[in-house]
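Descriptive structure summary
Listed here are the chains, written in short residue letters.
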Amino acid sequence: MADWSTISSLATGAGTLVLAVATFASVRSSNRSGRIAETALREQRRPVLVHSRLDDPVQKIAFAGGHWVRAEGGHAVVEHEDGIVYLALSLRNVGAGIGVLHGWFVWPDQQLGVQEHSPPEEFRMLTRDLLVPPGDIGLWQGALRDSDEEIHGAIARNAAERQSFSIDLLYGDQVGEQRWISRFAVAAVGDDQWLGSVVRHWNLDGSAPR
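Report on the accompanying structure. Here the structure is a predicted model, which is why all the values come from computation and not from measurement.

You can see Leu130 is positioned in the loop between β7 (124–125) and β8 (131–132). By relative accessible area, Leu130 is classed as buried at 4%. Spatially, the C-alpha atoms of Leu130 and Tyr171 are 9.7 Å apart, while their sequence positions differ by 41 residues. If near-sequence neighbours (up to four positions away) are discounted, Leu130 is found in contact with Gly99, Val100, Leu101, Leu139, Trp140 and Gln141.

Let's shift gears to the pattern of salt bridges. Charged atoms that come close allow side chains of opposite charge to pair. The final tally for this structure, using the stated rule, is six salt bridges. Between Asp168 and Arg183 there is a salt bridge, with its nearest N and O atoms 2.7 Å apart. Here Arg183 lies in strand β11 (residues 180–189) and Asp168 lies in strand β10 (residues 165–172), a separation of 15 residues in the sequence. For the residue pair Asp168 and Arg183, the accessibility class agrees, reading buried in each case.

Attention now moves to unusual backbone geometry. If you check the backbone angles, Asp82 has positive phi at about 55° while not being a glycine. On the secondary structure map, Asp82 appears in the loop between β4 (75–81) and β5 (84–93). Accessibility expressed as a relative area gives 79% for Asp82, which makes it exposed. Phi is positive for Arg162, which is not a glycine, with a value near 55°. Counting through the fold element by element, Arg162 comes out in the loop between α2 (150–161) and β10. Here Arg162 falls in the partly exposed class, since its relative accessible area comes to 23%.

Rules used throughout
Residues numbered from 1 in each chain as written. Predicted model: local features only at pLDDT ≥ 70, side-chain atom pairs only at ≥ 80, totals over all residues. Heavy atoms only, no water. Helix = DSSP H or I, 4+ residues; strand = E, 2+ residues; numbered from the N terminus. Buried < 20%, exposed > 50% of the residue type's maximum accessible area, 1.4 Å probe, protein only. Contact = heavy atoms within 4.5 Å. Salt bridge = Lys/Arg side-chain N within 4 Å of Asp/Glu carboxyl O.

Pasting the structure below:
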């Protein structure tokens, strides 16, 4: 005779197992959907800064102390006046989110991505908020005012001798996440112009872009 108690227990156990498998699959699917949604949201906020195009508008930039410079599309500004080295870059944001600039680091020579970036805590923090809207142009500016700094003398010589150097920019999105470092080469062109061109990107808070 059939042991209906055993059969009932087995049926209940099988039903519970099927329910557990279905629940596990549902949870995995929900987690996967959640990760996809989170990734999509992050991509909507992700900024990526590069040099602007040569046909982008000229930007007039003011420095503390009343000094003004003009940054043409695709160009950089390097000026040494009254003991102060003024630097600027015309930028374009090719990402989907607002780019919020945090800091900068200057290399006295050309760095084409071979040299790793310096730690973020060694960057000079900006004293004003600079934002670059998605799909549009913006700017970065910085000044070396302390003539006792070694980097001040190096960039001042570069300006006088028209030697190339590099600038690393630290930035993130509008909610303080997704920090990136983008390296720009600054090269002299002609007698009085400088070009700025991006050469490498590092993602500090996520997977590498390469």
